Amino acid sequence: MLGDDAELTAAVLAAQDGDETAFRTVYRAVHPRLLGYVRTLVGDPDAEDVASETWLQIARDLERFSGDADRFRGWAARIARNRALDHIRMRGRRPAIGGDETELTGRAAESDTAGEAMEALATGRTLSLIARLPQEQAEAVVLRVVVGLDAKTAAETLGKRPGAVRTAAHRGLKRLAELLGDDPESVGGLDALPPPREPRGPAVTSAGVTHMRARTQKDM
């Protein structure tokens with residue numbers, strides 16, 4: 001994501017006015033973490049295709065969007081989730097995320113390592129470990145920590161209450177920390193990711209479909 005939310009907000013507004021360079025700026029700022037979220041849902045082989053479908057819809061519907069950088073991230077995440085679930089239904093498969101929770105319980109962490117787990121989330125190895133969390137926890141962790149949504153926006157994306165999302169993210173981070181403790185290659189992570197965001201204002205949603213020229217990833 002762009003370090004300055006005001007810059008992302010400005011780029012979204014310019015893209016809505018048809019500025020192709022601004023749209024590329026938005027894409028480059030949001031795509032990497034959005035792709036990480038899609039990977040937790042459909043797995044690596046199909047993630048790029050689903051992400052492409054997501055951006056095509058974002059481009060098509062962008063004129064109807066209203067809100068700042070935080071609202072845009074949440075809106076994009078909801079589109080990505082819907083496209084991923086459509087893909088899963090079409091393929092007749094379950095989401096890639098999930099797993100046996102029992103393997104993560106019963107181990108006492110040596111310290112309160114949720115923060116360490118968050119710092120390590122930027123590594124590809126740690127993202128793969130998220131796939132071993134229960135689905136609810138995996139999605140909450142990725143939306144809150146990787147995509148950077150506040151609890152309210154993440155809850156809107158998942159159709160849950162903010163408190164439920166906070167709880168799922170907390171439990172997921174604790175279990176992820178336990179896994180990290182057993183995987184030395186994933187420990188000693190990066191400080192690149194901020195703590196989960198908290199809401200700053202009322203949510204803004206979008207609706208409807210416009211007919212903006214569809215942009216492809218080649219244009220970005």
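Residues numbered from 1 in each chain as written. Predicted model: local features only at pLDDT ≥ 70, side-chain atom pairs only at ≥ 80, totals over all residues. Heavy atoms only, no water.

Our next topic: the overall build of the chain. Of the regular secondary structure elements, the chain holds 9 helices and 0 strands. Per-residue burial for the chain yields a buried fraction of 48% across its 220 residues. Long-range pairs, those at least 24 residues apart, make up 77% of the contacts in the chain with a sequence separation of at least 6. Summed over its atoms, the accessible surface of the chain is roughly 10,500 Å², and 49% of this surface lies on carbon and sulfur atoms. (Helix = DSSP H or I, 4+ residues; strand = E, 2+ residues; numbered from the N terminus. Buried < 20%, exposed > 50% of the residue type's maximum accessible area, 1.4 Å probe, protein only. Contact = heavy atoms within 4.5 Å. Areas by Shrake-Rupley, 256 points an atom, 1.4 Å probe, with all protein chains shown as cover.)

This model, assessed by the stated rule, comprises 5 aromatic pairs. Taking the centre distance of 5.5 Å and the plane angle of 85° together, the rings of Phe65 and Phe72 count as edge-to-face. Each of the two residues, Phe65 as well as Phe72, counts as buried. With 5.7 Å between their ring centres and 50° between their planes, Phe72 and Trp75 make a pair best called tilted. Of this pair, Phe72 and Trp75 both sit in helix H4 (residues 69-91), 3 residues apart, which is roughly one turn of the helix. A residue is classified by how much of its surface remains accessible, and Phe72, at 1% relative accessible area, is buried. Here a set of aromatic residues connected by ring pairs shows up, and it is made of Phe23, Tyr27 and Trp55. (Phe/Tyr/Trp six-rings, centres within 6.5 Å; stacked < 30°, edge-to-face > 60°.)

Bringing the packing of helix H2 (residues 20-42) against helix H3 (residues 44-61) into the picture now. Look at H2 against H3: their axes get within 9 Å of each other, and the N-to-C directions meet at 135°. Regarding the angle of H2 to H3, the classification is oblique. When the axes of H2 and H3 are compared, the crossing they make is right-handed. Here Phe23, Val26, Tyr27, Val30, His31, Leu34, Leu35, Val38, Arg39 and Val42 of H2 come into contact with H3, specifically with Asp44, Asp46, Ala47, Glu48, Val50, Ala51, Thr54, Trp55, Ile58 and Ala59. For the contact of H2 with H3, the residue count by class is 14 nonpolar, 2 polar and 4 charged. (Axes fitted to C-alpha atoms, helices over the stretch in contact; angles between N-to-C directions. Parallel < 35°, antiparallel > 145°, perpendicular 65-115°, else oblique. Left-handed = near helix turned anticlockwise from the far one by under 90°. Nonpolar A, V, L, I, M, F, W, Y, C, P; charged D, E, K, R; others polar.)

Time to look at the pattern of salt bridges. Inspection of the entire model under this criterion finds 10 salt bridges. For Arg83, the salt bridge goes to Asp86, with nearest N and O atoms at 2.3 Å. With Arg83 and Asp86 both in helix H4 and 3 residues apart, the pair spans about one turn of that helix. Several salt bridges converge on common partners, so that one network encompasses Arg71, Arg78, Asp150 and Glu156. (Salt bridge = Lys/Arg side-chain N within 4 Å of Asp/Glu carboxyl O.)

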